Amino acid sequence: MIANPNSLLTFIDANLDRGYLVENLRKLARVPTDVPVGWQTLMEPDDPKVVHYVQDVLRPELVHLGVKLLDVPRNNLVVELGSGTSGQSLLLQTYTPTQHHQNMQGPFSGDLRNAPEYGRDEPCVFGMGVSQAKAHQAVMLAVLKLLQEAQVELRGRLYWAINNEGRSSHACSEAILDALPEPPGFCVVQIDTGFAISLGNRGRVDVAVHIVGKATHSSSPEEGQSAIEGAADVVKRLRTLSWPDRHPLLGGRHAVVYKMRFEPVAPHTLPSDAYLVVDRRLLPGDDLDTATDEIRVAIGDLSPYQVEVKRDVFMLPALVDPTDSGVQALMQSHRATFGDEASTIYTQGSFDAGGLIARGVPAVMYGTGGGDGLLGADFVPVSAVENEARVLAHLILSQLQ
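Cut-offs and rules
- Residues numbered from 1 in each chain as written.
- Predicted model: local features only at pLDDT ≥ 70, side-chain atom pairs only at ≥ 80, totals over all residues.
- Heavy atoms only, no water.
- Buried < 20%, exposed > 50% of the residue type's maximum accessible area, 1.4 Å probe, protein only.
- Helix = DSSP H or I, 4+ residues; strand = E, 2+ residues; numbered from the N terminus.
- Pairing = 2+ DSSP bridges.
- Axes fitted to C-alpha atoms, helices over the stretch in contact; angles between N-to-C directions.
- Contact = heavy atoms within 4.5 Å.
- Salt bridge = Lys/Arg side-chain N within 4 Å of Asp/Glu carboxyl O.
- Disulfide = S-S within 2.5 Å.
- Core = buried A, V, L, I, M, F, W, Y, C linked by side-chain atoms within 4.5 Å.
- Left-handed = near helix turned anticlockwise from the far one by under 90°.
- Nonpolar A, V, L, I, M, F, W, Y, C, P; charged D, E, K, R; others polar.

Quick look at helix H4 (residues 130-149)
Then, number 1: Judged by how many residues are buried, H4 sits mostly within the fold: 18 of 20 residues are covered.
Then, number 2: Gln151 occupies a position one or two residues after H4 and carries a positive phi of about 55°.

Laid out in structure tokens, this is it:
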């Protein structure tokens, strides 16, 4: 046990293996875990690509480190450390599917080079998914190595979950929580927040819309019912949706079509069927079925077309009290590492924190950022990855020793 809490960062800096951290990040960056571009934007937890990454890449390294592993259904994996005698427990959670930066060159290069063209003239690691996922996994491998080699005895209990959620649901987190000996007192979702602490976000339910018309040759549209025209009407009608209230921190709701396809796609043929997916953003207290019904009512009667509206996958809103003891502990560890206060944010996206909160576990998001936009190059500065390791090691040691 480190007797003086003020010496934690000195201890961490003396024992953190930075070479190991960068080596692992480059290694992980070379392994594909990407969701391919196309209509199917969901990835199963036991997709062969993700199974290989978890079982053949991450697991052997964890076995080498000598940590205790809990196997969880659907390819999820949890590291457990500590005796649990203090009653304190902490869950750190990282994700394997990577969903952005599809247009980058050399997506699985693992290159280590300076990036002045992106405003970071310092060593950076490049690879698709490094900012969203792989930097955070390399961080925790290095933190676990530090704890093991320094023979740190944790009186609390640390869980590090490798979560394979790629279906816009909370199913993997629920499976992980079900497998733990007790509910953790706090969770940090490791994701690219640029070292801001995300205290909340909107939720989302996907609403699937199927329009059925009648196919016809494009030379005689009057002889059919083109699903393209029906889909255009749906988009127009959804624009009429509005809500009288906004959340003071999370903002407002919306209903936006984000995917659309038509069948059949044939020469000079107006299609009979259209498939649309509506992104309906949720605020705390919103009911999933009510939100779906709103879409159904807004579309209304689309005769002569037939219309089917169904609720699909969802992620719940998240909101954590900034005075929560876990938030304050993370703030303290950020302050110890950077010398200033962490900013707090409330994001517009939908993430897994809401599922953990619904199970009674306060969950925030935190981690290094990187990358160039949604589709461009993905990279993380080495210095930022090292700082994430310092913050999380400090959090673990300050809370669980």
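Now that the structure has been shown, the text picks up again.
What to know about the sheet that holds strand E13 (residues 273-282)
Remark on secondary structure: sheet strands pair via backbone hydrogen bonds, oriented parallel or antiparallel.
Then, number 1: Spatial strand order, E11-E13-E9-E14: four strands in an open sheet with antiparallel pairing. Strands at the two margins of the open sheet, each flanked by one partner only, are strand E11 (255-263) and strand E14 (306-315). Sheet twist, expressed as the mean angle between neighbouring strand axes with direction ignored, is 20°.
Then, number 2: Bridge count for strand E9 (residues 203-212) against E14 is eight bridges, and the pairing is antiparallel.

A closer look at the side chain of Thr368
Then, number 1: For Thr368, the location among the structural elements is in the loop between strand E17 (363-366) and strand E18 (379-381).
Then, number 2: A residue is classified by how much of its surface remains accessible, and Thr368, at 1% relative accessible area, is buried.
Then, number 3: Those residues in contact with Thr368, other than ones at most four positions away along the chain, are Ser131, Ala135, His136, Ile191, Asp192, Thr193, Gly194, Phe195, Ala384, Val385 and Glu388.

A word on the pattern of salt bridges
Side chains carrying opposite charge are able to pair once their charged atoms draw close together.
Then, number 1: This model, assessed by the stated rule, comprises 26 salt bridges.
Then, number 2: Put simply, Arg113 and Glu117 hold a salt bridge, and the shortest N to O gap is 2.9 Å.
Then, number 3: Taking relative accessible area as the criterion, Glu117 reaches 47% and is therefore assigned partly exposed.
Then, number 4: Across the salt bridge formed by Arg335 and Glu341, the nearest N and O atoms sit 2.5 Å from each other.
Then, number 5: One salt-bridge network, held together by shared partners, links Asp245, Arg253, Arg280, Asp286 and Glu294.

Some details on the state of the cysteines
Cysteine pairs can be covalently joined through their sulfur atoms, and such a bond is termed a disulfide.
Then, number 1: Scanning all chains against the criterion turns up zero disulfides.
Then, number 2: Here Cys187 stays unpaired: no disulfide links it, and the sulfur of Cys172, its closest cysteine neighbor, is 14 Å away.

Looking at the nonpolar core
Then, number 1: Ranked by size, the top nonpolar core spans 68 residues in total, and within it Leu62, Leu92, Leu147, Leu158, Trp160, Val364 and Ile396 carry the most contacts.
Then, number 2: The contact partners of Leu147, leaving out residues within four places of it in the chain, are Leu81, Val152, Leu158, Ile396 and Leu397.
Then, number 3: Within the second largest apolar cluster, 21 residues are counted, among which are Val209, Val234, Ala274 and Tyr305.

A few points about the sheet that holds strand E4 (residues 112-115)
Then, number 1: Judged by pairing direction, the sheet is antiparallel, and its three strands sit side by side in the order E4-E5-E18 without closing on themselves. Only two strands of the sheet have a single partner each, and these edge strands are E4 and E18. The mean inter-strand angle of the sheet, taken between neighbouring strand axes irrespective of direction, is 45°.
Then, number 2: By the bridge criterion, three bridges tie strand E5 (residues 120-126) to E18 in an arrangement that is antiparallel. Among the inter-strand pairings, Cys124 is bridged to a residue of E18, identified as Pro381.
Then, number 3: The sheet contacts of helix H2 (residues 18-29) involve E4, E5 and E18, and relative to E5 the element is tilted by about 55°.

Things to note about the packing of H2 against helix H10 (residues 382-400)
Each packed pair of helices is defined by two parameters, the angle between the axes and the distance between the axes.
Then, number 1: It is the contact of H2 with H10, at a shortest axis distance of 11 Å, that shows an interaxial angle of 115°. Between H2 and H10 lies a crossing whose hand is right-handed. Listed contacts from H10 to Arg18, Leu21, Val22 and Leu25 of H2 are Val382, Val385, Glu386, Ala389 and Arg390.
Then, number 2: Among the residues making up the contact of H2 with H10, the classes are represented as six nonpolar, no polar and three charged.

Focus on the pairing of strand E2 (residues 76-81)
Then, number 1: Along E2, six of the six residues are buried, which leaves the element largely enclosed by surrounding structure.
Then, number 2: The alternating pattern of E2 places Asn76, Val78 and Glu80 and Leu77, Val79 and Leu81 on opposite faces, both of which are buried.
Then, number 3: Here strand E1 (residues 68-72) runs beside E2; their pairing, made up of five bridges, is antiparallel. Note that in E2 the partner of Asp71 across the bridge is Leu77.
Then, number 4: Taking the residues that link successive antiparallel strands as the turn, the E1-E2 hairpin has three residues, and the phi of Arg74 there is positive, at about 65°.
Then, number 5: As defined by bridge partners, E2 adjoins strand E6 (residues 157-163) across five bridges and the pair is classed as antiparallel. Counterpart to Glu80 in the pairing with E6 is Tyr159.

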